[in-house]
Amino acid sequence: MVNSSYIGRLAPSPTGLLHLGHARTFWIAQQRARAAEGRLFLRNDDLDRARCRPEFVTAMIEDLRWFGFAWEEPMITQSERIPLFRAALARLHAGGFIYPCACSRKDVQQAIAAPHEGAFNDEPLYPGTCRPENLPPDSRLRSPAAPAPGDGFNWRFRVPDGETLTFQDGHGGEQRATAGHDFGDFLVWRKDDVPSYQLASVVDDADLGITEVVRGADLIKSTFRQLLLFRALGFAIPAFCHCPLVTDEFGVRLAKRHDALALRTLREHGRKPAEIRSAW
Ligand code: GLU
């Protein structure tokens, strides 16, 4: 029964089999949605063409159903929503929030010296090489045309250097990070013509009216980037709840390579979802 305004989502990426860590975070997401008598969507984060595979989409749906998840149909598939992301990119450009970047991933890695490494290590701090004011006066990147399909540029969001951002996390309480220090200018669109996770996630969360984002603690740093995107695009900001990550017996975060803890393997070994959950 739906009688509240709560809307949540489960957002797996079909790059491998779902494991216990996903199940645990998603279970918390489902419980929070149920406790609020709200709705829950399933979002298929399949934008990374090189890593996502259709057979993992099929497997993830089967494994989620087996475990006891239920969501609103139809599933949301990000690769079918490119026009929505492109419209948001155009708005970011019109608002002066983004600039084209010709740096390769390798350039960025090499240009980043250890002392500038931020508190978060998910991606190196971008040194600002292609910020318009850092380019030679004759560079064609200084006054680029609006983003266009196939323009071959990475587009970066320019973060407000020195601004400290905060949010109240439903699990960890107050979180804070400083733009330009803990994280730098980040990609919103890739030169192979794919929206970045940051942009696609924000646009989908806003479009679906998500009121609370429940996901793993490894994405806390992304939340700060996303707060800037919500603000730049004029979208309402949802609540956030970042769940502690499940680790293996050595304290290593579960990854797709932990096949023994894939939901599929557990099912094949006769384990039951209720029994798995009772260990949490
Ligand atoms: N698809 C993303 C992942 O698997 C999670 C996205 C999110 O919850 O915002 O890491």
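Before reading further, recall that the structure is shown in the block above.
To keep things clear, this report deals only with the structure shown in the data block. (Residues numbered from 1 in each chain as written. Predicted model: local features only at pLDDT ≥ 70, side-chain atom pairs only at ≥ 80, totals over all residues. Heavy atoms only, no water.)

1. Some points on the packing of aromatic side chains
Move 1: In total, this model carries twelve aromatic pairs according to the counting rule given.
Move 2: Ring geometry for Trp-66 and Phe-67: centres 6.0 Å apart, planes at 65°, overall edge-to-face.
Move 3: Given the relative accessible area of 21%, Trp-66 is considered partly exposed.
Move 4: For Phe-67, a relative accessible area of 1% gives the class buried.
Move 5: Grouped by ring-pair contacts, the aromatic residues Phe-26, Trp-27, Trp-66, Phe-67, Phe-69 and Trp-280 constitute a single cluster.
Move 6: Sitting over the ring of Trp-27, Arg-277 keeps its end group 4.1 Å from the ring centre.
Move 7: Here the guanidinium or amino end of Arg-277 rests over the ring plane of Phe-67, the centre of that ring lying 5.4 Å away. (Phe/Tyr/Trp six-rings, centres within 6.5 Å; stacked < 30°, edge-to-face > 60°. Buried < 20%, exposed > 50% of the residue type's maximum accessible area, 1.4 Å probe, protein only. Lys NZ or Arg CZ within 6 Å of the ring centre and 35° of its normal.)

2. Topic: unusual backbone geometry
Move 1: Residues Glu-73 and Pro-74 are joined by a peptide bond in cis, for which omega reads 0°.
Move 2: Within the secondary structure, Pro-74 sits in strand S3 (residues 72-77).
Move 3: One non-glycine residue, Glu-37, lies in the positive phi region at around 50°.
Move 4: In this structure, Asp-193 takes a positive phi of about 70° despite not being glycine.
Move 5: The topology assignment puts Asp-193 in the loop between strand S8 (186-190) and strand S9 (194-195). (Helix = DSSP H or I, 4+ residues; strand = E, 2+ residues; numbered from the N terminus.)

3. Observations regarding the sheet that holds strand S2 (residues 39-44)
Move 1: Ordered by their spatial adjacency, three strands build an open sheet running S1-S2-S3, and the pairing between neighbours is parallel. In this open sheet, the two edge strands, each paired with only one partner strand, are strand S1 (7-10) and S3. Neighbour-to-neighbour, the strand axes of the sheet open up by a mean angle of 35°, direction not taken into account.
Move 2: Bridging between S2 and S3 involves three bridges; their strand directions are parallel. Bridging from a neighbouring strand, Arg-43 pairs with Ile-76 of S3.
Move 3: Across the sheet, helix H5 (residues 197-207) lies against S1 and S2, angled at about 150° from S2, the strand it touches most. (Pairing = 2+ DSSP bridges. Axes fitted to C-alpha atoms, helices over the stretch in contact; angles between N-to-C directions. Contact = heavy atoms within 4.5 Å.)

4. Some remarks on the site of the ligand
Move 1: Around the ligand, the surrounding shell consists of Arg-9, Ala-11, Ser-13, Arg-43, Asp-45, Tyr-197, Ser-201, Arg-215 and Leu-219.
Move 2: A distance of 2.7 Å separates a nitrogen atom of the ligand from a polar backbone atom of Ala-11.
Move 3: Summarising the interface, the protein chains cover 79% of the accessible area of the ligand, which totals 290 Å² for the free molecule. (Near = heavy atom within 4 Å. Polar contact = N/O pair within 3.5 Å; in protein donor to acceptor, adjacent residues only side chain to side chain. Areas by Shrake-Rupley, 256 points an atom, 1.4 Å probe, with all protein chains shown as cover.)

5. A short note on the pairing of strand S7 (residues 173-178)
Move 1: Pairing between strand S6 (residues 164-169) and S7: six bridges, direction antiparallel. Of the residues in S7, the one forming a bridge with Leu-165 is Ala-177.
Move 2: Counting the residues in the hairpin turn of S6 and S7 gives three residues.

6. So, the environment of Pro-160
Move 1: Positionally, Pro-160 belongs in the loop between strand S5 (154-157) and S6.
Move 2: Along the backbone, Pro-160 and Ala-179 are 19 residues apart, and their C-alpha atoms lie at a distance of 6.0 Å.
Move 3: Those residues in contact with Pro-160, other than ones at most four positions away along the chain, are Ala-179, Leu-228 and Arg-231.

7. As for the packing of helix H3 (residues 82-94) against helix H6 (residues 220-233)
Move 1: Close contact between H3 and H6 brings their axes to 10 Å; oriented N to C, the two are set at 80°. Between H3 and H6, the interaxial angle falls into the category roughly perpendicular. Of H6, the residues touching H3 (which contributes Ala-88, Arg-91 and Leu-92) are Leu-229, Ala-232 and Leu-233.
Move 2: Residues belonging to the contact of H3 with H6 are distributed by class as follows: five nonpolar, no polar and one charged. (Parallel < 35°, antiparallel > 145°, perpendicular 65-115°, else oblique. Nonpolar A, V, L, I, M, F, W, Y, C, P; charged D, E, K, R; others polar.)

Take it as geometry only, folks, not as evidence of what the structure does.
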